[in-house]
Amino acid sequence: KSQQQPLTTEMSDKTSSNVADTPTLSLAKISHAELKQRSPETIAKLTHICETLGFFIITDHDIPPSVIRRSIDASRDFFALPDEVKVKYHQNEQVVTPKTSRGYSAKGEEVLSSNGEPDNKQFFELGIDRPLKPGTYFN
């Protein structure tokens, strides 16, 4: 099990690529019941991290390292492909609604900054298609 710190909202004002600066959520220190009961403290911490940084590291999750390694390797293999191959898996080619919820997106296609500059990232979104249930999400 990881020795990283439990979920924290303390973050540096500086931009860092150091993984040690990324907030963590230890599943050994937070229970499913606590999430299900929507603990105000836990929800506030998760909300703050998601709204300010946008992501966190989940630790103590019992996913075998071999599965994580295969996922990372598959991701690297996909993004190393030529653009003409990756575009075959573009979000616009997916049969889901909304189109932005699954598939590949190239650098510069998404604009999330307030200054209107395109994001310098490419990504592949995936998930399990299930009908939405009321009350499924935190808010």
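Look above for the structure.
All of these numbers come straight from a predicted model, not from anything done at the bench.

J.: Go over unusual backbone geometry with me, naming the residues and quoting the values.
T.: Non-glycine residue Asp60 carries a positive phi angle of around 55°. With respect to the element layout, Asp60 can be found in the loop between β2 (57–59) and α3 (65–79). Phi angles above zero are rare outside glycine, and Asp62 is one such case at about 65°. Looking at the element boundaries, Asp62 is found in the loop between β2 and α3.

J.: Got a sec to walk through the side chain of Thr22? Specific residues and values, please.
T.: Relative to the helices and strands, Thr22 resides in the segment before β1 (24–26). Accessibility expressed as a relative area gives 15% for Thr22, which makes it buried. Other than its neighbours up to four places away in sequence, Thr22 contacts Leu53, Phe55, Phe56 and Ile57.

J.: Kindly report on the pattern of salt bridges, identifying the contributing residues and their values.
T.: Following the criterion strictly, the structure yields five salt bridges and no others. Between Asp83 and Lys86 there is a salt bridge, with its nearest N and O atoms 3.3 Å apart. Placement of both Asp83 and Lys86 in helix α4 (residues 83–86) is noted, with a separation of three residues, approximately one turn of the helix. A relative accessible area of 53% means that Asp83 is categorised as exposed. One salt-bridge network, in which partners are shared between bridges, spans Glu110, Asp119 and Lys121.

Calculation rules
Residues numbered from 1 in each chain as written. Predicted model: local features only at pLDDT ≥ 70, side-chain atom pairs only at ≥ 80, totals over all residues. Heavy atoms only, no water. Helix = DSSP H or I, 4+ residues; strand = E, 2+ residues; numbered from the N terminus. Buried < 20%, exposed > 50% of the residue type's maximum accessible area, 1.4 Å probe, protein only. Contact = heavy atoms within 4.5 Å. Salt bridge = Lys/Arg side-chain N within 4 Å of Asp/Glu carboxyl O.

Coordinates in, geometry out; function isn't part of it.
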